[in-house]
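A look at the structure
This is what each chain is made of:
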Amino acid sequence: MSILWGFLLNRLNVVSEKLQKVEVDCGLVVELYDSLIQLITNTRENFDEFERKAIEKSVTKNLSDVKAKAHGLIMQMQSFNFIFALNMLDPILSIILKVSLSLQSEELDLLTVVGLIKSLKHTITRYRSEDGEYDKIYDKTIHMCDENNIDVPKVKKRSVQ
């Protein structure tokens, strides 16, 4: 799991660094975001296959370091936090890609750009603050955890003052 997380975080970091360069063009931005979305979606959709391969490696390989890494990968993949992160990143990156594609229009003016960015901020904030949006992602995560026999932590109710 740490290998997979390391790979995902490394990929996000590489994209972030490329997007900060002055010479980046809109085509590259779309390509980079699209590759991130495909990576996250592929990881989420093929979770069972990744888990199966990790289990195979942990059982069949004689090398102790490979076994340890595979076992660590399995433990991380079989965590609620990993499943939740996959389900949370997918819609966020999809929204960012849609805005990015819209920003490439040749007929774009400054007011439209400001509106698109405000809309993006509002949508991302909504995922964080509206119970319905969060609940959908949480329910998807619970369903995926149930399908893969992954323990779901108890929800601790917080008192709001």
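The following paragraphs examine the structure supplied in this document. Model, not experiment: these values are computed from the prediction. (Residues numbered from 1 in each chain as written. Predicted model: local features only at pLDDT ≥ 70, side-chain atom pairs only at ≥ 80, totals over all residues. Heavy atoms only, no water.)

With that settled, consider the overall build of the chain. Scanning the chain from terminus to terminus reveals seven helices and zero strands. Reading the chain from its N terminus to its C terminus gives the helix and strand order α-α-α-α-α-α-α. Counting only residues that meet the buried cut, the chain has 33% of its 161 residues in that class. Carbon and sulfur atoms provide 54% of the accessible area of the chain, an area that totals close to 11,100 Å². (Helix = DSSP H or I, 4+ residues; strand = E, 2+ residues; numbered from the N terminus. Buried < 20%, exposed > 50% of the residue type's maximum accessible area, 1.4 Å probe, protein only. Areas by Shrake-Rupley, 256 points an atom, 1.4 Å probe, with all protein chains shown as cover.)

Put simply, helix H6 (residues 110-129) and helix H7 (residues 131-147) touch, their axes get as near as 5 Å, and they point 70 degrees apart. Between H6 and H7, the interaxial angle falls into the category roughly perpendicular. Facing Arg-126, Tyr-127 and Ser-129 of H6, the residues of H7 in contact are Asp-131, Glu-133, Tyr-134 and Ile-137. In terms of residue class, the contact of H6 with H7 is built from three nonpolar, one polar and three charged. (Axes fitted to C-alpha atoms, helices over the stretch in contact; angles between N-to-C directions. Parallel < 35°, antiparallel > 145°, perpendicular 65-115°, else oblique. Contact = heavy atoms within 4.5 Å. Nonpolar A, V, L, I, M, F, W, Y, C, P; charged D, E, K, R; others polar.)

Another aspect to go through is the side chain of Thr-141. Note on placement: Thr-141 falls in helix H7. Sequence-distant contacts of Thr-141, that is, excluding residues within four places in its chain, are made with Phe-80, Ile-83, Phe-84 and Asn-87.

Taking 1.5 Å as the rise per residue, helix H5 (residues 80-102) with 23 residues should run 33 Å; its terminal C-alpha atoms sit 34 Å apart, in good agreement. H5 sits mainly inside the fold: 17 of its 23 residues count as buried. (Expected span 1.5 Å × (residues − 1).)

A separate point is the pattern of salt bridges. Going through the model one piece at a time under the given rule, you end up with two salt bridges. Here Arg-126 makes a salt bridge to Glu-133, at a shortest N to O gap of 3.7 Å. Exposure remark for Arg-126: the relative accessible area of 23% places this residue in the partly exposed category. On the accessibility criterion, Glu-133 (14% relative accessible area) is buried. Within this structure, Arg-126, Glu-133 and Lys-136 form a network of salt bridges that share partners. (Salt bridge = Lys/Arg side-chain N within 4 Å of Asp/Glu carboxyl O.)

In terms of nonpolar packing, the biggest core is built from 29 residues, with Phe-47, Phe-80, Phe-82, Ile-83 and Met-88 touching the most fellow members. Of all the secondary-structure elements, those providing two or more residues to this core are helix H2 (26-45), H5, H6 and H7. Among the elements that take part in this core, H5 stands out by supplying twelve residues, more than any other. (Core = buried A, V, L, I, M, F, W, Y, C linked by side-chain atoms within 4.5 Å.)

A few words now on a negative patch on the surface. Negative charge collects at one region of the surface, where Glu-130, Asp-131, Asp-135 and Asp-139 lie side by side. Tracing the backbone shows Glu-130 in the loop between H6 and H7. (Patch = residues over 30% accessible without salt bridge, like charges linked within 9 Å, V, L, I, M, F, W, Y side chains within 5 Å. Lys, Arg positive; Asp, Glu negative; His and termini not counted. Charge placed at Lys NZ, Arg CZ, Asp CG, Glu CD.)

Throughout the structure, instances matching the rule amount to four aromatic pairs. Look at Tyr-134 and Tyr-138: their rings are 6.1 Å apart centre to centre, the planes differ by 20 degrees, and that puts the pair in the stacked class. With Tyr-134 and Tyr-138 both in helix H7 and four residues apart, the pair spans about one turn of that helix. Looking at Tyr-138, the relative accessible area reads 19%, which means it is buried. (Phe/Tyr/Trp six-rings, centres within 6.5 Å; stacked < 30°, edge-to-face > 60°.)

Right, let's get into unusual backbone geometry. One non-glycine residue with positive phi stands out, namely Asn-149, at about 55 degrees. When you line up the elements, Asn-149 lands in the segment after H7.

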